[in-house]
Amino acid sequence: MVLSAYYEPQFSDASHGFRPGRGCHTALRTIRYCWTGTKWFIEGDIQGCFDHIDHQRLLAVIGQSIKDERLLKLLRGMLDAGYLEDWKYHRTYSGTPQGGVISPLLANIFLHQLDQYIENELIPQHTRGLERKPNPEYRALAAAKQQAKARKEVERYQALKQELRTLPSGDPNDPEYRRLKYVRYADDFLLGYVGPKSEALRIKQRLGEFLTRLGLTLSEEKTVITHATHQRARFLGYDILMAHSDCQIRDGRRSVNGRPLLSVPPEIPKEWMRRRTHGGKPYHRTELINHSDYDIVTAYQLEFQGLVNYYVLAYDVADKLYPVKWVYLQSLVKTLAVKHKRPATWVYRHYSRRVGQGRKAIVVTVPREGQAPLIARFGAKPICHDKWAVIQDTQTRLLPSRNELVKRLLANQCELCGATDEICVHHIRKLKDLKRRYAGRPEPPHWVIRMIQLRRKTLVVCAACHQRIHAGTYDGPKLN
């Protein structure tokens, strides 16, 4: 909390990883709306960044601003504490603590040096000129077109007009015009450059030299330079390219040329369809058959909608993900059909409903007395591009193992004695604590047997049973 309060206002606007109010979508939106005209992408990747951050250098960076020796000692102890893997102790000589809540913040503090180097040195050195010089060839053709119009040479005018649309209006080789853009998410970063490829290669070399001074290594295999128009860069799971079309005219200008586009990589829909198909056909999910219809539909909707929510910034999200939706729908219908031992047509007759704009969806409604019904829908939301989308970090309860979510929501009674007054929840820390505590006893209490059978750490009980459990005197009827 202390480090976040101090360093967060100092971090660069180009840094989007593990920061409040920022994330993958904010980084991608920056590229979408601020990188117009980019010619080259430099895809940066730091080899084993989190595992190779030098402890002494990191503490030295923090010590330049933080003078509290107690805090520095605490950080030093966390960095040197080591970790357990398969119950074997491993020392840590470099890198931030694995799984530690402070690890992303420490990485951002260390990589802030890279942000400052790019923004204070590389970008000023590779940014000049207010606009491109006019293209001489374009100006000559434009003058010839005007002459053909004045002479009423219709065929020549149309031919020159079409040829003119194939040329850039600005000089693409203008030596006095350069631009360099930068964005970073954790240890992955992307630079967009307007200029010759030779200078882009020089920028990559200088980045590698600077990271070496920090004790890090720029991955040569993953750090590649791609042409923005003819190739696609990969960043945060998206394909990024520059649009080019000489046919789309708006207000007399080519409206899309040079604009960044975000696209769904072709392997993403293939991978997600592969998860729910067998031999090229959708198949049911055996692990969900014992759950309620509400839980099954909710599980499919949460999984698929999460995919859509992440790729909603892509212009082709509908084209790429509607086939995935069809596979998930068929898998959902087959799962419900196997559960009820009915054909797929029965599932469609009972659960298919028309929602907004005529779309069909699988809808399961569970009525509740005195409360609004529980409704689960799959396919109700359209898949469409949303250029302003931002993922909201919300906690969603997923399906617990061997537990009926609907039954626990609807049942307002003790799971031990059936009472309906003063309902509360009994918690334990770990199931293995129960097993170890009552190991070897001929007859453990029934509430212990019940919790182990359900394989969960909570039990809905009445106040009387709860009090007897904590007092160690409960020995009531066993629930079958």
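Summary of the structure given here. Remember, predicted model here, so these are calculated numbers, not experimental data.

Some words on the sheet that holds strand E11 (residues 260-263)
- One open sheet holds the three strands; their spatial order is E7-E8-E11, and the pairing between them is antiparallel. A strand with exactly one partner marks an edge of an open sheet, and here the two such strands are strand E7 (233-235) and E11. With strand direction ignored, the average angle separating the axes of adjacent strands in the sheet is 35°.
- Across four bridges, the pairing between strand E8 (residues 238-242) and E11 is antiparallel. Residue aspartate 239 lies in a different strand from E11, and its bridge partner there is serine 263.

A few points about helix H6 (residues 136-150)
- The terminal C-alpha atoms of H6, which comprises 15 residues, lie 21 Å apart, in line with the 21 Å expected from a rise of 1.5 Å per residue.
- Where H6 is concerned, the buried positions are Leu141, Ala144, Lys145 and Ala148. With its buried residues spanning 105° around the axis, H6 presents them on a single face. Facing away from the buried side of H6 by more than 90 degrees, the exposed set consists of Pro136, Arg139 and Ala150.
- Contact partners of the buried residues in H6: helix H7 (154-164).
- Here H6 starts with a cap whose side-chain oxygen sits 3.3 Å from the backbone nitrogen of glutamate 137, and that cap is asparagine 135.
- Note on H6: the residue one or two positions beyond its end, lysine 152, has a positive phi of about 60°.

Re the layout of surface pockets
- By volume, the largest pocket amounts to about 1500 Å³.
- Along its surface, the largest pocket is lined by 41 residues, and Pro168, Ser169, Gly170, Asn257 and Gly258 are the ones closest to its centre.
- Those elements that place two or more of their residues in the lining of the largest pocket are H6, H7, strand E4 (179-185), strand E5 (188-194) and strand E10 (253-254).
- Across the lining of the largest pocket, the residue classes tally to eleven nonpolar, 16 polar and 14 charged.

Remarks on the side chain of arginine 19
- Topologically, arginine 19 is positioned in the loop between helix H1 (2-7) and helix H2 (24-34).
- Within the structure, arginine 19 has its side chain in polar contact with the side chain of glutamate 8 (distance 2.7 Å).
- Excluding anything up to four places from it in sequence, arginine 19 contacts Glu8, Phe11, Ser12 and Asn108.

Brief notes about the packing of helix H5 (residues 103-125) against helix H8 (residues 197-213)
- Here H5 crosses H8 at 150°, and the two axes come no closer than 11 Å. Here the hand of the crossing between H5 and H8 comes out right-handed. Residues Gln113, Leu114, Tyr117, Ile118, Glu121, Leu122 and Gln125 of H5 form the contact with H8, whose participating residues are Ile203, Arg206, Leu207, Phe210, Leu211 and Arg213.
- Of the residues contributing to the contact of H5 with H8, the split by class is eight nonpolar, two polar and three charged.

Quick notes on unusual backbone geometry
- Even without a glycine there, the phi angle at alanine 186 is positive, about 60°.
- Summarising the element assignment, alanine 186 is placed in the loop between E4 and E5.
- Look at alanine 186 and you get buried, because its relative accessible area is 7%.

Comments concerning the packing of helix H10 (residues 293-310) against helix H11 (residues 317-340)
- Here H10 crosses H11 at 165°, and the two axes come no closer than 11 Å. Taken as axis vectors, H10 and H11 run roughly antiparallel relative to one another. Both H10 and H11 take part in a crossing whose hand is right-handed. Judged by residue contacts, Asp293, Ile296, Val297, Tyr300, Glu303, Phe304, Leu307 and Val308 of H10 engage Leu321, Val324, Lys325, Tyr328, Ser331, Leu332, Thr335, Leu336, Lys339 and His340 from H11.
- A class-by-class count of the residues in the contact of H10 with H11 yields eleven nonpolar, three polar and four charged.

What about helix H12 (residues 344-351)?
- Burial in H12 covers these residues: Trp346, Val347 and Tyr351. For H12, the angular spread of buried residues about the axis comes to 100°, placing them on one side.
- Looking at the buried side of H12, the elements it contacts are H10, H11, strand E14 (352-354) and strand E15 (360-368).

The rules we used
Residues numbered from 1 in each chain as written. Predicted model: local features only at pLDDT ≥ 70, side-chain atom pairs only at ≥ 80, totals over all residues. Heavy atoms only, no water. Pairing = 2+ DSSP bridges. Helix = DSSP H or I, 4+ residues; strand = E, 2+ residues; numbered from the N terminus. Axes fitted to C-alpha atoms, helices over the stretch in contact; angles between N-to-C directions. Expected span 1.5 Å × (residues − 1). Buried < 20%, exposed > 50% of the residue type's maximum accessible area, 1.4 Å probe, protein only. Arc of directions from axis to C-beta. Contact = heavy atoms within 4.5 Å. Polar contact = N/O pair within 3.5 Å; in protein donor to acceptor, adjacent residues only side chain to side chain. 1 Å grid on protein atoms, 1.4 Å probe; cavity = no way out; pocket = protein on both sides within 12 Å on 5 of 7 lines; lining within 4 Å. Points joined across faces, edges and corners; volume = space filled by probe spheres on them. Nonpolar A, V, L, I, M, F, W, Y, C, P; charged D, E, K, R; others polar. Left-handed = near helix turned anticlockwise from the far one by under 90°. Parallel < 35°, antiparallel > 145°, perpendicular 65-115°, else oblique.

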